[in-house]
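# Geometric and topological summary
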Amino acid sequence: MKKTLPFNKTQIEEMIKQYPTPFHIYDEQAILDNAQAFYQAFDWAPGFKNYFAVKACPNPAIMKKLQEIGFGADCSSYPELLLAEKAGMTAEDIMFSSNDTPAEEYKKAKDMKAIINLDDISHIDFLEKNAGLPELVCFRYNPGPLREGNAIIGTPEEAKYGFTHEQLFKGYALLKDKGIKRFGLHTMIASNELNADYFIETGKMLFELVVEIKQKLDIQIEFINLGGGIGIPYQPEQKPVDLEYVSQGIKKHYEKYIKTNNLEPLKIFFECGRVITGPYGYLISQVRHIKETYKTYIGLDACMANLMRPALYGAYHHITILGKEKQPSVKEVDVTGSLCENNDKFAINRLLPDFDIGDIVAIHDAGAHGYAMGFNYNGKLRSAELLLHEDGSVTQIRRAETIDDYFATLNF
Ligand SMILES: *Cc1c(COP(=O)(O)O)cnc(C)c1O
């Protein structure tokens, strides 16, 4: 997909006067339009909901906007539960999909009446002892050898998440004996997956399970949650997942398995993060140094503390030099940050137009798992986050960290 920007160089130059680089900027209207399109694609599905994965972009200013159009939040830690609460989400607007979970987090989720999604059969007991069993319980299923995985999560058998097939049935039976009446079923076995058929297959897999659970245990599952993991086209030659196509494919299986077996209503949930905000966030940075040795290194004022994906996964992030959009890509360079880590590079052997010191660059598709993965290694401070409104104005929705923030936790 052709990489474009929702702002121009002049606009960014104005912003930099007030908010020094590096910073993240999110395109509010594009996020909301995209979120709405997700809902429209599934308008046939009663009670359809996407629980926005908070970890992708943990900023309540954005979560609030998503909540207004019917999104929930998918949380996996105490602070994420608090973020959801402060963004105005309550009770079953919140899905708590955690793993290796501490007791106090289950307790908080239970107090909030969030949907608790258990990652392991032993957690039934753990939850009961530490927080008491809630009215509605969901299990995370890991199909193991029954499904192929993908690059980021790996093959399901190697993934630490979820119940086996056998444990799933044991777990539901146990809860039924304990008097629980409301049940959900969850899975997430792919991350950044661009193959639309993968999600249709996951829908089918869960519908088949819903039928099997009904037949074997006489338990009616209330919702299935297909997890997150819908990918985005980081590379210009990649195509976005066609959500209409995914929806229609899932609908076909819904009719075949759920309707014909009289298992309606069954709600369909997702907990996508990346596909909601990822393409609509940009890391803005300036060229600090240009270094010529065995290669040409373009040193930015951002580093992997602002965007870790290239270093962590070797991920491609498109880079545009503002004002040079039309210039030919003539130079092969490495675009680096300033960490004392040689993998602190945003691009390796990338063909780009000629750089000058002071050039402003936009690193694309940084709206999910971007700022969120930030850290303080090497004394780096986390950047600000700005929200770009439709009229071109911006609101700072998180200020940059200061040296005082950095020292605040020290005692010497
Ligand atoms: C990370 C995660 C998500 C969101 O994944 P995306 O790739 O951002 O859609 C959803 N659910 C769970 C349990 C996760 O761990």
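As shown above, the structure is provided for reference.
Quick look at the structure, then. Every residue gets a number counted from 1 within its own chain, in the order that chain's sequence is written. At least 70 in pLDDT is required for a residue's local features to be given in this predicted model, at least 80 for side-chain atom pairs to be given and counted, and no such filter applies to totals for whole chains, interfaces and linings, which use all residues. Note that the side-chain values use all heavy atoms of the structure and ignore hydrogens as well as water.

This part covers the packing of aromatic side chains. The criterion for an aromatic pair is that two Phe, Tyr or Trp rings (for Trp, the six-membered ring) have centres within 6.5 Å, with stacked assigned to planes under 30 degrees apart, edge-to-face to planes over 60 apart and tilted to the rest. Inspection of every chain in the model, using the stated rule, returns 21 aromatic pairs. The rings of Phe38, Tyr39, Phe42, Trp44, Phe48, Phe71, Phe207, Tyr254 and Phe270 are connected pair by pair, giving a single aromatic cluster. We count a charge as sitting over a ring when the NZ of a lysine or the CZ of an arginine lies within 6 Å of the ring centre and within 35 degrees of the ring normal. Above the ring of Phe169, the side-chain terminus of Lys216 is found at 5.2 Å from the ring centroid.

What follows covers the sheet that holds strand E5 (residues 115–118). What the 8 strands build is a closed barrel, ordered E2-E3-E4-E5-E6-E7-E8-E9; its pairing is parallel. Taking the axes of each pair of neighbouring strands and ignoring which way they run, one obtains an average angle of 25° across the sheet. As judged from the 3 bridges shared by strand E7 (residues 182–187) and strand E8 (residues 223–225), these two strands associate in the parallel manner. Each residue of the ladder has a partner; that of Leu185, found in E8, is Ile224. Sitting on the sheet, helix H5 (residues 103–111) touches strand E4 (94–97) and E5, and the angle it makes with E5 is about 145°. Two residues qualify as a contact provided that any one of their heavy atoms is within 4.5 Å of a heavy atom in the partner residue. For every element, the axis is a line fit to its C-alpha atoms; helices are fit only across the contacting stretch, and the angle between N-to-C directions ranges from 0 to 180 degrees. Every helix listed is a DSSP run of H or I at least four residues long, and every strand listed is a run of E at least two residues long, numbered separately from the N terminus. Where helix H8 (residues 196–217) meets the sheet, its contacts fall on strand E6 (136–141), E7, E8 and strand E9 (267–270), and the angle it forms with E7 comes to roughly 150°. Should DSSP find at least two bridges between two strands, the strands are regarded as paired.

Let us look at the site of the ligand. Close contacts around the ligand come from 14 residues, with Lys55, Gly229, Glu271, Arg274 and His369 the closest. Side-chain atoms alone can form a polar contact between residues adjacent in sequence; in general such a contact is a pair of N or O atoms within 3.5 Å, and within protein one must be able to donate a hydrogen while the other accepts it. Taking Lys55, its side chain carries an N or O atom lying 2.7 Å from an oxygen atom of the ligand. Between the ligand and Glu271 there is a distance of 2.7 Å, counted from a nitrogen atom to a side-chain nitrogen or oxygen. Protein contact buries 91% of the 380 Å² of open area that the ligand shows by itself. Only protein atoms enter the 1 Å grid used here. Points where a 1.4 Å probe fits but cannot escape make up a cavity, open sets with protein on both sides within 12 Å along at least five of seven lines make up a pocket, and a residue lines them when an atom lies within 4 Å of a point. Each molecule is checked against the cavity or pocket grid, and it sits inside if more than half of its atoms lie within 2 Å of the grid points. Most atoms of the ligand, that is more than half of them, are within 2 Å of grid points of the largest pocket. Looking at side-chain class alone, the shell around the ligand contains 3 nonpolar, 6 polar and 5 charged residues. Whether a residue is near a molecule or strand depends on its heavy atoms: if one lies within 4 Å, it is near. For the accessible areas, the method is Shrake-Rupley and the probe is 1.4 Å, while residue cover comes only from the protein chains on display. Gly is placed with the polar residues, together with every amino acid not listed as nonpolar (Ala, Val, Leu, Ile, Met, Phe, Trp, Tyr, Cys and Pro) or charged (Asp, Glu, Lys and Arg).

Definition used for salt bridges: Asp or Glu carboxyl oxygen within 4 Å of a side-chain nitrogen of Lys or Arg. Following the criterion strictly, the structure yields 25 salt bridges and no others. Asp218 serves as the salt-bridge partner of Lys214, at 3.1 Å between the closest nitrogen and oxygen. The shortest N-O distance in the salt bridge between Asp356 and Lys324 comes to 2.9 Å. Taken as a pair, Asp356 in the loop between strand E14 (345–352) and strand E15 (360–363) and Lys324 in the loop between strand E12 (319–321) and strand E13 (331–336) lie far apart in primary sequence, 32 residues in all. When a residue's accessible area, from a 1.4 Å probe over protein chains only, is under 20% of the maximum for its type it is buried; when over 50% it is exposed; and in between it is partly exposed. What makes Lys324 buried here is its relative accessible area of 11%. Here the salt bridges share partners, and the residues they tie into one network are Glu92, Glu135, Arg182, Glu222 and Lys267.

With their axes 9 Å apart at the nearest point, H8 and helix H9 (residues 243–259) run at an angle of 20° to one another. Judged by the inter-axis angle, H8 sits roughly parallel to H9. Considering how the two elements wind past one another, H8 and H9 form a crossing that is right-handed. Side by side, H8 and H9 meet where Ala196, Asp197, Phe199, Ile200, Lys204, Phe207, Glu208, Val210 and Val211 of the first sit next to Tyr245, Val246, Gly249, Ile250, His253, Tyr254, Tyr257 and Ile258 of the second. Classifying every residue of the contact of H8 with H9 by side-chain character gives 12 nonpolar, 2 polar and 3 charged. Angles below 35 degrees are treated as roughly parallel, those above 145 as roughly antiparallel, those between 65 and 115 as roughly perpendicular, and all remaining angles as oblique. The hand of a helix crossing depends on one turn: near helix anticlockwise from the far one by less than a right angle means left-handed, and clockwise means right-handed.

Our focus in this paragraph is a nonpolar patch on the surface. A cluster of nonpolar side chains, Ile403, Tyr406, Phe407, Leu410 and Phe412, forms an exposed patch at the surface whose accessible area comes to about 590 Å². Mapped onto the secondary structure, Phe412 falls in the segment after helix H12 (403–407). Among the residues examined, Phe412 registers a relative accessible area of 84% and is labelled exposed. Two distance rules govern patches: like charges are joined within 9 Å, and nonpolar side chains (Val, Leu, Ile, Met, Phe, Trp, Tyr) within 5 Å, applied only to residues with over 30% relative accessible area and no salt bridge.

Turning to the pairing of strand E17 (residues 394–398), a few remarks are in order. Relative to E17, strand E16 (residues 384–388) runs antiparallel, the two sharing 4 bridges. Each bridged residue has a counterpart across the sheet, and for Leu387 the counterpart in E17 is Thr395.

Nonpolar side chains in soluble globular proteins tend to be buried together. Within the largest apolar cluster, 89 residues are counted, with the highest numbers of intra-cluster contacts made by Phe38, Tyr172, Leu185, Ile250, Ile268 and Phe270. Broken down by element, this core gets its largest block of residues, 12 residues, from H8. The source of the domain bounds is an automatic or database domain assignment. When residues are assigned to domains, this core turns out to be shared by domain 1 (9–24 + 280–407) and domain 2 (42–272), each giving three or more. If we ignore the near neighbours within four places in the chain, the residues touching Tyr172 are Phe139, Phe183, Gly184, Leu185, Ile213, Leu217, Ile219 and Ile221. Take the buried residues of types Ala, Val, Leu, Ile, Met, Phe, Trp, Tyr and Cys, join any two whose side-chain atoms come within 4.5 Å, and each joined set is a nonpolar core.

Of note, the amide linkage connecting Thr21 to Pro22 takes the cis form, showing an omega dihedral of -5°. Here Pro22 is to be found in the loop between helix H1 (9–18) and strand E1 (23–27). Following Glu264, the chain continues into Pro265 via a peptide bond in cis, with omega recorded as -5°. For Pro265, the location among the structural elements is in the loop between H9 and E9. Even without glycine at this site, Asp218 takes up a positive phi of about 55°. Mapped onto the elements of the fold, Asp218 is located in the loop between H8 and E8.

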